[in-house]
Amino acid sequence: MSHPTFPTHVTLVDVGPRDGLQNEAQPVAAADKIELVHCLQGAGLREIEVTSYVSPKWVPQMADNAEVMAGIQRQPGVRYSVLTPNMKGFEGALASQADEVVIFAAASEAFSQRNINCSIAESIERFRPVAEAAKAHGMKVRAAVSCALGCPYQGEVSLDAVENVVQRLLDIGSDHIGIADTIGVGTAGRVTAVMERALKHVPLAELSGHFHDTYGQALTNIYASLALGIHTFDTSIAGLGGCPYAKGATGNVATEDVVYLLHGLGISTGINLDKLVDAGAFISGVLGRKPVSRVSNALLAKRAHA
């Protein structure tokens, strides 16, 4: 039986401090967010999505963005990214000396209209000045294609629709494209088809996957992506962040679970799993619950027994 050839090294972008905590109902103190970033970089993470420069009216969980960015003790070789939905957000990102800005567009017209009250084309045009300003200041632009594997409103999303959004995001100056399974409905076959379409336009080194575990398929979808040579993935410490469109469902795939998978495949990540579990235990303690990560819970139980 032949096995696929996997990458020898995988880069993980931990989105827990931003995408994870943004979806938590309870507020988290800036000091705890800063400590989480320190724990993550201490565990070996070199890509961390720290916060979001959005209106506190819409996302009160991220109102402390400037305080958090100012409080981080930065390590050389670590890239600190922030979500920037508009030029006002970009100004905040620039003032905080972020290394990378994150922009997004849906592959679903229904989702774009329901989520941000405009068409896909209009949403991408709104990001054009953000991308241009970021490039002018030497900042990397990472773009996410949300609902690339399914939409809570229209259901199936066509491969053509995903490919079209990828091309448009590249046209406005995006350096990197992330394919996001926003509601976690993707399966390995569909993920392979979507990634192959994206790879027609995006260099392998600048394509990543962002998978939610709503249906328990995230690790399988990462495995399918690895088989194509994709070697960058978004993950969230302790599985932070529920899926807002599937009541009670888990959201982002847990960083600990992905690291365990990758190390089991002999793929290096530069991440210390024990320190990562400590990071997940820390933020889960702040939130007053167990980590969503199965690996984290298993290792914490093993420690307690020992």
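Computed from a predicted model, the values in this text were never measured in an experiment.

Caption draft 1: Representation of the pairing of strand E6 (residues 176-181). Burial of E6 is extensive: six of the six residues sit out of reach of the surface. Burial along E6 is two-sided: the residues His176, Gly178 and Ala180 and Ile177, Ile179 and Asp181 are all buried. The β-α-β motif built from strand E5 (residues 140-146), the intervening helix H7 (residues 159-171) and the parallel element E6 has right-handed crossover chirality. Pairing of E6 with strand E7 (residues 207-211), which is carried by five bridges, proceeds in the parallel orientation. In the sheet register, alanine 180 faces E7, and the bridge partner there is histidine 210.

Caption draft 2: Up close: helix H10 (residues 255-264). Of all the positions in H10, only Thr255, Glu256, Asp257, Val258, Val259 and Leu262 are classed as buried. Looking at the packing, one finds that the buried side of H10 touches strand E1 (11-14), helix H9 (218-227), strand E8 (232-235), helix H11 (273-287) and helix H12 (294-305). One or two steps after H10, the chain reaches glycine 266, where phi turns positive at roughly 80°.

Caption draft 3: Quick peek at the pattern of salt bridges. According to the stated counting rule, one finds 17 salt bridges in the structure shown. Among the ionic pairs, glutamate 24 bridges to arginine 289, the shortest N-O distance being 2.7 Å. With glutamate 24 in the loop between helix H1 (16-22) and helix H2 (30-42) and arginine 289 in the loop between H11 and H12, this pair connects stretches of sequence that are 265 residues apart. Classification of glutamate 24 as buried rests on a relative accessible area of 8%. Between lysine 33 and aspartate 64 there is a salt bridge, with its nearest N and O atoms 2.9 Å apart. On the criterion of sequence distance, the pair formed by lysine 33 in helix H2 and aspartate 64 in the loop between strand E2 (47-52) and helix H3 (65-71) is long-range, its members being 31 residues apart. A network of salt bridges, in which partner residues are shared, links Arg18, Asp19, Glu47, Glu49, Arg79, Glu100, Arg142 and Asp234.

Caption draft 4: Quick peek at the packing of aromatic side chains. Tallying each qualifying case throughout the model produces three aromatic pairs. Where phenylalanine 6 meets tyrosine 223, the ring centres are 5.0 Å apart and the plane angle is 75°; that geometry is what we call edge-to-face. Here tyrosine 223 lies in helix H9 and phenylalanine 6 lies in the segment before E1, a separation of 217 residues in the sequence. Classification of tyrosine 223 by relative accessible area gives partly exposed; the value is 34%. Aromatic side chains phenylalanine 104 and phenylalanine 127 sit 5.3 Å apart centroid to centroid with 70° between the ring planes, which places their arrangement in the edge-to-face category. Remark: phenylalanine 127 occurs in helix H6 (residues 120-136) and phenylalanine 104 occurs in strand E4 (residues 100-106); sequence separation between them is 23 residues. Phenylalanine 127 sits in the buried class, given a relative accessible area of 3%. The ring centre of tyrosine 153 lies 4.0 Å from the NZ or CZ of arginine 114, which sits over that ring.

Caption draft 5: Here's a closer look at the layout of surface pockets. Of the volumes computed, that of the largest pocket is approximately 1,400 Å³. Gln22, Leu83, Phe104, Asn115 and Ile116 are the residues nearest the centre of the largest pocket, which is lined by 46 residues in total. For the lining of the largest pocket, the secondary structure elements donating two or more residues are H1, helix H4 (87-95), E4, helix H5 (109-116), H6, E5, E6 and E7. When residues in the lining of the largest pocket are grouped by element, the largest group, five residues, is from H5. Grouping the constituent residues of the lining of the largest pocket by class yields 21 nonpolar, 17 polar and eight charged. By volume, the second largest pocket amounts to about 210 Å³. Asp213, Thr250, Asp257, Val292 and Arg294 are the residues nearest the centre of the second largest pocket, which is lined by 13 residues in total. Of the residues contributing to the lining of the second largest pocket, the split by class is five nonpolar, five polar and three charged.

Caption draft 6: Region of interest: the side chain of serine 123. Structurally, serine 123 can be placed in helix H6. Serine 123 sits in the buried class, given a relative accessible area of 1%. What serine 123 contacts, discounting residues up to four positions off in sequence, is Ala105, Ser112, Ile116 and Cys118.

Caption draft 7: Inspection of the state of the cysteines at higher detail. Enumeration over the complete set of coordinates arrives at zero disulfides. Left without a disulfide partner, cysteine 151 is nearest to the cysteine sulfur of cysteine 147, which lies 4.8 Å away.

Caption draft 8: View of the environment of arginine 197. In this fold, arginine 197 is placed in helix H8 (residues 188-199). According to the relative accessible area criterion, arginine 197 is partly exposed, its value standing at 22%. Sequence spacing of arginine 197 and aspartate 99 is 98 residues, and the spatial spacing of their C-alpha atoms is 28 Å. Ignoring anything within four residues of it in the chain, the contact list for arginine 197 reads Leu159, Asp160 and Glu163.

Parameters at a glance
- Residues numbered from 1 in each chain as written.
- Predicted model: local features only at pLDDT ≥ 70, side-chain atom pairs only at ≥ 80, totals over all residues.
- Heavy atoms only, no water.
- Buried < 20%, exposed > 50% of the residue type's maximum accessible area, 1.4 Å probe, protein only.
- Helix = DSSP H or I, 4+ residues; strand = E, 2+ residues; numbered from the N terminus.
- Right-handed = clockwise from strand over helix to strand, strands pointing away.
- Pairing = 2+ DSSP bridges.
- Contact = heavy atoms within 4.5 Å.
- Salt bridge = Lys/Arg side-chain N within 4 Å of Asp/Glu carboxyl O.
- Phe/Tyr/Trp six-rings, centres within 6.5 Å; stacked < 30°, edge-to-face > 60°.
- Lys NZ or Arg CZ within 6 Å of the ring centre and 35° of its normal.
- 1 Å grid on protein atoms, 1.4 Å probe; cavity = no way out; pocket = protein on both sides within 12 Å on 5 of 7 lines; lining within 4 Å.
- Points joined across faces, edges and corners; volume = space filled by probe spheres on them.
- Nonpolar A, V, L, I, M, F, W, Y, C, P; charged D, E, K, R; others polar.
- Disulfide = S-S within 2.5 Å.

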